[in-house]
Amino acid sequence: MAFSKLMRGMDFYIHLYDDRKDLPTMIKNDAAHEKHIIDNYTELSKLISSGINHYVVIMTFGYRTDDTALKALLGKEFKYLGLLGSKTKVEKMFDDYREEGVKENWLKRIHTPVGLAIKSQTPEEIAISIAAEIIKVKNQEPPPDLPL
């Protein structure tokens, strides 16, 4: 909720997807412009399109759902794609992706662990670190095109 509120305050349009319809943070999140209850994170492949002005942050409740959400977005291009998660978890996930043939150039575009390394502790601090990283990406010169 802290992240949605902060990003909406900076004029980002917030789409929120979750598979838990009774999740209090989903129900109470008044900052999101759109809230969608999905059956499975695989649906994100159809719901989230590539876009040079699209900023996507994956912050589900666990490794399995993070993996499903990220796989649903494989090969898509975004201005920013971030994944909340421990370094160990992400390294294991990326090693598995490499074995499955996912191209290194696509993996290198994922910001993980998400946010600037400022030793964030509270939800608000974590939101600020992620928002700061997104603003940094938004305002920098575009990188040279890398083949996916």
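Rules of the game
Here the residue numbers are simple positions, counted from 1 along each chain's written sequence. Per-residue local features of the predicted model are confined to residues with pLDDT of at least 70, and side-chain atom pairs are confined, for both listing and counting, to 80 or more; whole-chain, interface and lining totals are unaffected and use all residues. The basis for every side-chain value is the complete set of heavy atoms in the structure, and neither hydrogens nor water enter the calculation. Helix and strand assignments come from DSSP, with helices taken as H or I runs of at least 4 residues and strands as E runs of at least 2, each series counted from the N terminus. In this description, contact between two residues means that some pair of their heavy atoms is separated by no more than 4.5 Å. We call two strands paired when DSSP finds no fewer than two bridges between them. Each axis is a line fitted through C-alpha atoms, taken for helices only over the stretch in contact, and angles between the N-to-C directions span 0 to 180 degrees. When an angle is under 35 degrees it counts as roughly parallel; over 145 it counts as roughly antiparallel; between 65 and 115 it counts as roughly perpendicular; any other value is oblique. Should the near helix be turned anticlockwise from the far one by less than a right angle, the crossing is termed left-handed; should it be turned clockwise, right-handed. For this classification, the nonpolar set comprises Ala, Val, Leu, Ile, Met, Phe, Trp, Tyr, Cys and Pro, the charged set comprises Asp, Glu, Lys and Arg, and every other residue, Gly included, is treated as polar. Categorising residues by exposure relies on relative accessible area from a 1.4 Å probe, with only protein chains included: less than 20% of the type maximum marks a residue as buried, more than 50% marks it as exposed, and the intermediate range marks it as partly exposed. Read the arc as the range of directions from the helix axis to the C-beta atoms.

## Let's talk about the environment of L74
Looking at the element boundaries, L74 is found in the loop between helix 4 (63–72) and strand 4 (78–83). Expressed as a C-alpha distance, the spacing of L74 and N53, which sit 21 residues apart in the sequence, is 17 Å. Residues contacting L74, with those up to four places away along its chain left out, are V102 and W106.

## A word on the sheet that holds strand 3 (residues 51–58)
One open sheet holds the three strands; their spatial order is 3-4-5, and the pairing between them is parallel. Since the sheet does not close on itself, it has two edges, and those belong to strand 3 and strand 5 (110–111), each with one partner. In terms of strand pairing, strand 4 meets strand 5 through two bridges, oriented parallel. In the strand pairing of strand 5, G82 is matched with H111. Helix-sheet contacts for helix 7 (residues 123–139) involve strand 3, strand 4 and strand 5, and the interaxial angle to strand 4 is about 155 degrees.

## Describing the packing of helix 1 (residues 2–9) against helix 7
Between helix 1 and helix 7, the least distance of the axes is 8 Å, while the angle of their chain directions is 40 degrees. Classified by the interaxial angle, the pair formed by helix 1 and helix 7 is oblique. Crossing of helix 1 against helix 7: the hand is right-handed. Taken together, the residues of helix 7 that come into contact with helix 1 (itself represented by A2, F3, L6 and M7) are P123, E124, A127, I128, I130, A131 and I134. Of the residues that constitute the contact of helix 1 with helix 7, the class distribution is 10 nonpolar, no polar and one charged.

## Some thoughts on the side chain of D67
Looking at the secondary structure, you find D67 in helix 4. For D67, a relative accessible area of 16% gives the class buried. Not counting residues within four places of it along the chain, the set of residues in contact with D67 comprises M93 and Y97.

## With respect to helix 1
Along an α-helix, a turn takes 3.6 residues, which lines up residues three or four apart on a common side. Those residues of helix 1 not exposed but buried are F3, S4 and M7. Down the axis of helix 1, the sector holding all buried residues measures 100 degrees, keeping them to one side. Away from its buried face, by an angle of more than 90 degrees, helix 1 presents the exposed residues K5 and G9. Those residues of helix 1 hidden inside the fold are in contact with strand 3 and helix 7. D11 occupies a position one or two residues after helix 1 and carries a positive phi of about 70 degrees.

So far we have only geometry, and geometry alone does not tell us how the molecule works.
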